[in-house]
Amino acid sequence: MNNRYGAATKPKYHDNIERHKRPASLQKLDHDSASILEEYLRSARCGLLIPRITHQTIVMLWVIDESEDCYFCIEEMYKSDSEITVFPRLDGVGYPQGFEKLGHPSLVGAEKARIAGEIIWSGGAGNAGSWVISNKSGRYGIRPDISEQNLINAKALFGSFGIELDHYFIPHQG
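Residues numbered from 1 in each chain as written. Predicted model: local features only at pLDDT ≥ 70, side-chain atom pairs only at ≥ 80, totals over all residues. Heavy atoms only, no water.

Draft legend 1. Focus on the pairing of strand β8 (residues 130–134). β8 sits mainly inside the fold: four of its five residues count as buried. Bridging between strand β7 (residues 113–122) and β8 involves four bridges; their strand directions are antiparallel. Looking at the pairing, Ile120 lines up with Val132 of β8. As judged from the three bridges shared by β8 and strand β9 (residues 166–168), these two strands associate in the parallel manner. Following the sheet pairing, Ile133 is matched in β9 by His167. In this fold, the crossover linking β8 to β9 by way of helix α4 (residues 148–159) has right-handed handedness. (Buried < 20%, exposed > 50% of the residue type's maximum accessible area, 1.4 Å probe, protein only. Helix = DSSP H or I, 4+ residues; strand = E, 2+ residues; numbered from the N terminus. Pairing = 2+ DSSP bridges. Right-handed = clockwise from strand over helix to strand, strands pointing away.)

Pasting the structure below:
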């Protein structure tokens, strides 16, 4: 494997739940899922306000694993003592008491990954918004060895499936 997405590393930390539970919305990026994902992303630009609000409040996570396969899902939280156990986490809202997060490590069973981050809708007036991929992951994405080029390469991977994204790189501070 080359280093286009960064070195494969274990997460800086993970919760036990992230090793054993996968997000209910988890999918591998491939030709089938990409066409459906693109349709979902397009709904933010089509003018109907309901999906636009949903897109502004629910974060999508993505990760490229050690084998350079890409997975994506919405950020979810889990409540083990509930009949309905999976809930989307709203952007900017903390985890309520009794809930556990299913962050980036849960996409790969807390195993090694090369890079990870978020895909968010950056809303603008009218249809001026855009989808933005970032390396916002404290466990796989914001590291001293991750470069903006690694993120651009991840963006290009989505682009190879017809998914156009802007990018926002967060440098490691440390």
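Draft legend 2. Main features of helix α2 (residues 31–42). Over its 12 residues, α2 runs 16 Å from end to end, which matches the ideal 16 Å to within 8%, given 1.5 Å per residue. Residues of α2 that are buried include every one of Ser33, Ala34, Leu37, Glu38 and Leu41, and no others. Considered in projection along α2, the buried side chains sweep an arc of 135 degrees and stay on one side of the axis. The exposed set on the far side of α2, more than 90 degrees from its buried face, consists of Asp32, Ile36 and Glu39. Buried residues along α2 sit against β1 (27–28), β2 (60–65), β3 (70–74), β8 and α4. Residue Asp30 occupies the N-cap position of α2, its side-chain oxygen lying 3.1 Å from the main-chain nitrogen of Asp32. (Expected span 1.5 Å × (residues − 1). Arc of directions from axis to C-beta. Contact = heavy atoms within 4.5 Å. Polar contact = N/O pair within 3.5 Å; in protein donor to acceptor, adjacent residues only side chain to side chain.)

Draft legend 3. Structural view of the nonpolar core. Leu29, Trp62 and Phe158 are the most contacted members of the largest nonpolar core, which totals 24 residues. Listed by contribution, the elements that provide at least two residues to this core are α2, β2, β3, β7, β8 and α4. Here this core takes four residues from α4, the largest share from any one element. Formed by 10 residues, the second largest nonpolar core is a distinct cluster that contains Leu61, Cys73, Val108 and Ala113. (Core = buried A, V, L, I, M, F, W, Y, C linked by side-chain atoms within 4.5 Å.)

Draft legend 4. Representation of the sheet that holds β9. Spatially, six strands are ordered β1-β3-β2-β7-β8-β9 in an open sheet, and the strand pairing comes out mixed. If you trace the sheet from one side to the other, it starts and ends with β1 and β9, each paired once. Across the face of the sheet, α4 comes into contact with β2, β3, β7, β8 and β9 while running at roughly 155 degrees to β9. (Axes fitted to C-alpha atoms, helices over the stretch in contact; angles between N-to-C directions.)

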